[in-house]
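Notes for the structure review
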Amino acid sequence: MMNERKLAVFLMLLLAFSGHVMGQTVTGKVIDPSGIPLVGANVVEQGTTYGAVTDFDGNFSLELSSSDVVLQISYIGYETKLIPYTGQKELKVVLPNAMALLDDIVVIGYGTQKKKDVTGAMKTIKAEGIEGQPVSNMASAMQGQVAGLQVTSSSGQPGAGHNVRIRGTSSITGGSNPLYVIDNVIVTNGSALATLNTSDIESINVLKDASAPAIYGARAANGVIIITTKRGKAGKTAVNFHTYAGVQTPSKKLDMLDAQGYQTVWNAAQDNAELERFANLDGTTLTESTDWQSALLNDARIQNYELSTTSGTENTNISSSVNHYQEDGMILNTGFTRTSVRLNADTHFNNLKLGNSFYYSHSNFRDQNVVNGRGMLNWALSQSPAVAIRNENNVGGFNGPQPGDGALNKVNPIAAQELIENTRRINRFLGNVYAQYEFFDGFSYKLSLGADMAGTFNRYFAPEFDLGNGQTPLSIQNGKQVTERRTDQSSILLENMLNFKRMIGKHDVAVLLGHSAIANETSYQHTSVVGENISEAFPVINASESVSDLQGGRSQRRMLSYFGRASYGYDGKYLAMFNYRRDGSSAFTAENAFEDFMSASLGWVISEESFLEDGFFDLLKLRGSYGYLGNDQINASATQSVVNLNSKTIFNGNVLVNGVSPGSQVANRDLVWEKQEQLNLGLDMAILRNRLSLTVDYFVKNSKDLLLRFNLPKATGVGAVYLNAGQVQNKGWEFDLSYGDKKGDFSYNISANATLLNNEVKELAYGLEAIERYGNSYFVPRNRIEVGNSLFALYGYQADGIYKSEEELNDGPTPLPGTAVGDIKYKDISGPEGVPDGMITNDDRTFIGDGNQDIIYGFSMSAKYKGFDCSLQLQGVYGNEVFNETKFYTQGYYNTYNMTTDVLDAWSETNPNSDTPRAIPSNLSNNDEVSSYWVEDASYLRLRNVQLGYTIPAKAVGVIGLSSCRLYTSAQNLFTITDFSGYDPESATFSGVQGAQLYPTPKTFVLGAQIGF
């Protein structure tokens, strides 16, 4: 009884105390440094949206939700202040001008720097710029946000990689991907981005010119992207849960012929070729039609769950997270799942600071099958709509074209995706530990050890099945099969650094000296067996002793580096930085292993000068940089000859003996580093109390001694040799504009960026006239690298309409043999003497397009009103052309493929004004030549992301024990404006050729919640 009374008294006192706290009101006034009241300043309890807005005189009054709060006072154009509540009744708050925003700390490589003092070209994407985007790969979230940064998705397949370029492509085969640095660990494989949880990222810093990247020397020729994950902060432990779920739908489907249209078109093609019609299409009435495209493409689920914590004391800060991401693919039985764990910690004892960044991920990929270089969607488009998908009488239960349907050598993509297992599993550990000791104020030593370790397991299992036509399905040309491949990659990084930084009067001095050693190793084992006891009940390697392929290998690469940086600033006005690095790489011979890379940059903050003391400019800065960087992204054995260990020779007439013969590569001991010289001139400006900011950069980037894998004539008996092949120049302009303001409870920000880029080959070495690429067993090379053109120039015949009469055919240049009325007409460009000769020959091939993107641009907007927020992001490119293989295969009368409805308008005697070529099998005309007829403008504008959210008031969620709760809905790729006729203009990447491994980018719709405890 006594205990009950004590409890009742305690509860009454607690209730009275709570009522007293809730009833406490704090008042105050918010002003700028000159004493002018700030109207509409936000005064909220930190971590919530509960607060007040200052009136016309800058006054506010706020009833507190508890006694343990921190007041956050903010206003556009001014520095945000945090004031812990300790019982004050009235506050006077002075917000400094947002020059402090220019003092934001940015990561520049082996250190940090105030944004105002940066003399190079760089851009920072903060966490809020990528939050809530339902993407598996961080690169997707960067699209359109940084001037000079090109990010294209070559595939919409879940977990697929992206092609990333900073200021254009500079190499032929030497690699043009930027260097990624994640929590001070140099990542050599860009696939790490797919295994990284986007929500763990605190900031992304893109280093574009030669200034700051030069500290990375040999790896920095293509720019540097520094990714920093979230770390702990002093204060109360915060627990956050973030989840979203939604659906992905195909963004586009092609209008394909139904069974009746297919019958009409192919009967006409066979008649025009004076060939016998296919039996099942001749005189039959087709009542059913198969939509192979829709059978393969489906709506797919996407879901994400993440639990994160941050905590900190005076000496130790910890941040951790657990994440599970799952994305099913639109193509049947494809998908991606990732489970990851992160733990970051920092602690210090007097002058010693210790810390770690640990990240582990387990990723599973279900990939689409690729047969003869073509993905399943390409095969779906090829199938006759008059053929059913399934036939229960066939082994496996699937159907295929029969002899009376046309060509038999087609893949049933539904069978392939349902019966064949094609999976990857990646376990990745990314970690860094460091110790830093400060000898005295401003002088410290840091030891850092990093590791990037990945184990990949690929598995392929194909059971026995048939399609009822007497042929082994193309999907299993070797019969039932099991293939397994295990790859282990490791990169160990050891770094030692001495750092001195001191402000001496008006002199700001910083010096960095460092040593770095990297050891990379890759090994693999590959085994493939066929036949015997392989089955769905026994899908393992030891089910067969019939080994069709057995491989293994191991490669190592080492790099030793010494580097230094010195920076100087005087009175916040005059800035200078010098970087130097000496790198040695095992990819080259001992004579050519080491190379020196360096850069210098200067800056002048004009707005700090007395003659601009009127304050119109919050910032006006001129800067310039010049430097040399390097690239060693080639095969680790590029300077060595490679032999063929599987060479077979017959002795004594019938004895087969394994031997050794010249292999795929011959040594070039003179191979040297690919080098890049870059000049950058820039202007940074901010006005209207930093509401409006503008950055302009002009750059010239010359890449010399290009690394090229050059294919040798077959008569040599050797496949290729690596050469230093020439010089490429990328130059252009970058513009980045931003405006933000706040009116009462409403705040907004609008930003836009654009890059004007020109890519040109300046020189080819060894007397090479040109280098041709992107050919295959059907197409001649479609890309020609030649001085004066870009790396991605398309090469072929120039189409000039079609022949619409016999007179036109006879009066013009002599066409290619076999050309008839209704075929594509090609221009007479040249001849053996370099001038038109009245004949269409191979000499008439010319440049017919350019895959280089002339303009890359992005636009974003965000707004907040009380608890509501919204944002959208647009992204696009202009000026690039693409050879559209999808158009070729679906309009070219190839191998009895199905086609789009465009061919219903084909030229004929009854349709003589059509611009669509006549119906004729591709092997009986010249319409299948590489020509501008198949080249299309791939410019586009895409609504990349749009999001609407609402944050529930803190008081409302506080009653259920939450500190915050935000609900949102988001959509991606809602629309694309383009003249491109294929699925996705973006998937052509930078090559100018959209291949046949199609996987369209989906539309995505999600609902999500961010909850704080």
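Residues numbered from 1 in each chain as written. Predicted model: local features only at pLDDT ≥ 70, side-chain atom pairs only at ≥ 80, totals over all residues. Heavy atoms only, no water.

Quick notes on the overall build of the protein
Broken down by element type, the protein carries ten helices and 54 strands. Taking 31 Å as the expected radius of gyration for a compact globule of 1013 residues, we find that the protein reaches 32 Å, a close match to that expectation. C-alpha atoms of the protein, sized along the principal axes, occupy 100 × 75 × 65 Å. Considering the protein as a whole, with its 1013 residues, one finds that 53% of them fall into the buried category. A sequence separation of at least 24 residues applies to 70% of the contacts in the protein between residues at least 6 apart. Surface summary for the protein: the accessible area is close to 43,100 Å², and the carbon and sulfur share equals 55%. (Helix = DSSP H or I, 4+ residues; strand = E, 2+ residues; numbered from the N terminus. Rg over C-alpha atoms; globule rule 2.2 N^0.38 Å. Buried < 20%, exposed > 50% of the residue type's maximum accessible area, 1.4 Å probe, protein only. Contact = heavy atoms within 4.5 Å. Areas by Shrake-Rupley, 256 points an atom, 1.4 Å probe, with all protein chains shown as cover.)

A few points about the sheet that holds strand E14 (residues 185–187)
The strand order E10-E15-E16-E13-E14 describes an open sheet built from five strands, whose pairing is mixed. Only two strands of the sheet have a single neighbouring strand rather than two, namely strand E10 (122–126) and E14. Shown here is a sheet whose adjacent strand axes are inclined to one another by a mean of 20 degrees, direction ignored. Pairing geometry for strand E15 (residues 201–207) and strand E16 (residues 224–229), over six bridges, is antiparallel. The partner of Ser203 across the bridge, within E16, is Thr228. (Pairing = 2+ DSSP bridges. Axes fitted to C-alpha atoms, helices over the stretch in contact; angles between N-to-C directions.)

Quick look at the environment of Arg366
Mapped onto the secondary structure, Arg366 falls in strand E21 (residues 352–366). Look at Arg366 and you get partly exposed, because its relative accessible area is 32%. Not counting residues within four places of it along the chain, the set of residues in contact with Arg366 comprises Asp328, Asn333, Thr334, Gly335, Asn422 and Thr423. Here the side chain of Arg366 touches Asp328 through a polar contact of 3.2 Å, side chain to side chain. (Polar contact = N/O pair within 3.5 Å; in protein donor to acceptor, adjacent residues only side chain to side chain.)

Observations concerning the packing of aromatic side chains
Inspection of the entire model under this criterion finds 29 aromatic pairs. A centroid spacing of 5.0 Å and a plane angle of 90 degrees characterise the contact between Phe616 and Phe617, whose relative ring orientation is edge-to-face. Accessibility expressed as a relative area gives 47% for Phe616, which makes it partly exposed. On the numbers, 4.8 Å between centres and 90 degrees between planes, the contact of Tyr933 with Trp934 is edge-to-face. An aromatic cluster is defined as three or more aromatic residues linked by ring pairs; in this entry it consists of Trp379, Phe888, Tyr889, Tyr894, Tyr897, Tyr933 and Trp934. Above the plane of the ring of Tyr434 lies Lys446, whose end atom (NZ or CZ) is 4.8 Å from the centre. (Phe/Tyr/Trp six-rings, centres within 6.5 Å; stacked < 30°, edge-to-face > 60°. Lys NZ or Arg CZ within 6 Å of the ring centre and 35° of its normal.)

Section: the sheet that holds strand E4 (residues 59–63)
Across the sheet, three strands lie side by side as E4-E1-E7; this open sheet has mixed pairing. With one partner strand each, in any of the chains shown, E4 and strand E7 (90–94) form the two edges of the open sheet. Within this sheet the neighbouring strands show an average axis-to-axis angle of 25 degrees, counted without direction. Inspection of the sheet shows strand E1 (residues 25–31) paired to E7 by five bridges, in the parallel sense. The partner of Ile31 across the bridge, within E7, is Val94.

Some points on the pattern of salt bridges
Taken as a whole and judged by the stated rule, the model has 44 salt bridges. Counted as one network, the salt bridges with shared partners bring together Glu769, Glu772, Arg784, Glu786 and Arg845. (Salt bridge = Lys/Arg side-chain N within 4 Å of Asp/Glu carboxyl O.)

Observations regarding helix H4 (residues 259–272)
An α-helix turns once per 3.6 residues; consequently, residues spaced three or four apart project the same way. Over its 14 residues, H4 runs 20 Å from end to end, which matches the ideal 20 Å to within 8%, given 1.5 Å per residue. Within two residues after H4, Glu274 carries a phi angle of roughly 55 degrees, on the positive side. (Expected span 1.5 Å × (residues − 1).)

Section: the environment of Ile172
Position of Ile172 among the secondary structure elements: in the loop between strand E12 (162–166) and strand E13 (179–182). By relative accessible area, Ile172 is classed as buried at 10%. Distance in space between the C-alpha atoms of Ile172 and Ala725 is 8.8 Å, their sequence separation being 553 residues. Excluding residues that lie within four positions of it along the chain, Ile172 makes contacts with Leu706, Leu707, Leu708, Ile771, Arg773, Ile785 and Leu791.

Some remarks on unusual backbone geometry
Its identity is not glycine, yet Glu274 carries a phi of approximately 55 degrees, on the positive side. Here Glu274 shows up in the loop between H4 and helix H5 (292–296). Its relative accessible area of 73% is what places Glu274 among the exposed residues. Here the phi dihedral of Asp571 falls at roughly 60 degrees; this positive angle occurs in a residue that is not glycine. Note on placement: Asp571 falls in the loop between strand E28 (547–570) and strand E29 (574–585). Given the relative accessible area of 27%, Asp571 is considered partly exposed.

Describing the pairing of E4
Of the two faces of E4, only one is covered, namely that formed by Phe60 and Leu62; the face formed by Asn59, Ser61 and Glu63 stays uncovered. Summarising the sheet, E1 and E4 pair through five bridges and their orientation is antiparallel. Within E4, the position partnered with Lys29 by the bridge is Asn59.

Notes on a nonpolar patch on the surface
On the surface, a nonpolar cluster with roughly 660 Å² of combined accessible area is contributed by Ile318, Leu343, Phe358, Val433, Leu447, Leu449, Met453, Ile492 and Leu494. For the nonpolar patch, the secondary structure elements donating two or more residues are strand E25 (443–462) and strand E26 (481–504). Ranked by residues supplied to the nonpolar patch, first place goes to E25 with three residues. Tracing the backbone shows Leu447 in strand E25. (Patch = residues over 30% accessible without salt bridge, like charges linked within 9 Å, V, L, I, M, F, W, Y side chains within 5 Å.)

Structural notes on the pairing of strand E35 (residues 692–704)
The pairing of strand E34 (residues 674–687) with E35 spans 13 bridges and is antiparallel. Residue pairing in the sheet places Gln676 in a bridge with Ser703 of E35. Joining the antiparallel neighbours E34 and E35 is a turn of four residues, in which Leu688 adopts a positive phi near 55 degrees. Examined bridge by bridge, E35 and strand E38 (residues 726–743) share 13 bridges and lie antiparallel to one another. In the strand pairing of E38, Asn702 is matched with Gln729.

Some thoughts on the state of the cysteines
Taken as a whole and judged by the stated rule, the model has zero disulfides. The thiol of Cys870 is not disulfide-bonded; the next cysteine sulfur, from Cys965, is found 19 Å away. The buried category is assigned to Cys965, whose relative accessible area is 9%. (Disulfide = S-S within 2.5 Å.)

Side note on the environment of Arg918
Tracing the backbone shows Arg918 in the loop between helix H9 (885–891) and strand E49 (935–937). On the accessibility criterion, Arg918 (12% relative accessible area) is buried. Sequence-distant contacts of Arg918, that is, excluding residues within four places in its chain, are made with Gly818, Ala820, Val821, Gly822, Asp823, Tyr893, Ala906, Trp907, Leu924 and Ser925. In this structure the side chain of Arg918 is engaged in a polar contact, spanning 2.7 Å, whose partner is the side chain of Asp823.

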